[in-house]
Amino acid sequence: QVQMVESGGGLVQAGGSLRLSCAASGPIFSRYVRAWFRQAPGKEREFVAGITWSGRTTYADSVKGRFTISRDNAKNTVSLQMTSLKPEDTAVYYCAADDSDSTSYIDLTPRGYDYWGQGTQVTVSS
């Protein structure tokens, strides 16, 4: 079955940068829409960024211009480059994959995704 593991989280000062990666294994389809979500304590899981197999991207307004999502279809990996980090970015970050028939639609809700990693903690200090 499909498995995904996030890495790259850590502690960084406000204004700093981090790069998250998600490695996938198993029978994952190269055209699955891939996305990053995040969840802070006491908050609902929130869409951060998504990307189609062809490289079309969608970003949450809160991160647009600061975060960049990318993917390597041959390696089944997806990354999230985060710059100009703010304390408000502190959360557990999760990678996800959508196995639906529509491979060009980037769902903005967690229920639209079928496979999830365990998450990686990102903490931004003030």
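Just above, that's the structure.
Read on for an overview of the structure. (Residues numbered from 1 in each chain as written. Predicted model: local features only at pLDDT ≥ 70, side-chain atom pairs only at ≥ 80, totals over all residues. Heavy atoms only, no water.)

Observations concerning the pairing of strand β9 (residues 91–98)
Most of β9 is tucked away: 7 of the 8 residues are buried. Where strand β4 (residues 33–39) lies against β9, 7 bridges are found, and the strand directions are antiparallel. Looking across to β9, one finds that Arg 38 is bridged to Tyr 93. In terms of strand pairing, β9 meets strand β11 (residues 120–125) through 3 bridges, oriented antiparallel. Across the sheet, the residue bridging to Val 92 is Gln 121, located in β11. As judged from the 2 bridges shared by β9 and strand β10 (residues 115–116), these two strands associate in the antiparallel manner. For Ala 96, the partnering residue across the bridge sits in β10 and is Trp 116. (Buried < 20%, exposed > 50% of the residue type's maximum accessible area, 1.4 Å probe, protein only. Helix = DSSP H or I, 4+ residues; strand = E, 2+ residues; numbered from the N terminus. Pairing = 2+ DSSP bridges.)

Concerning the pairing of β11
Burial of the side chains of β11 is restricted to one face: Thr 120, Val 122 and Val 124 are buried, whereas none of Gln 121, Thr 123 and Ser 125 on the reverse face is. Sheet topology note: the strand β2 (residues 10–13)/β11 ladder contains 4 bridges and is parallel. Its bridge partner being in β11, Val 12 is matched across the sheet by Val 124.

Some thoughts on the side chain of Thr 120
Its place among the elements puts Thr 120 in strand β11. Judged by its relative accessible area of 10%, Thr 120 is buried. Polar contacts involving the side chain of Thr 120 include one to the main-chain amide nitrogen of Gly 9, which spans 3.3 Å. (Polar contact = N/O pair within 3.5 Å; in protein donor to acceptor, adjacent residues only side chain to side chain.)

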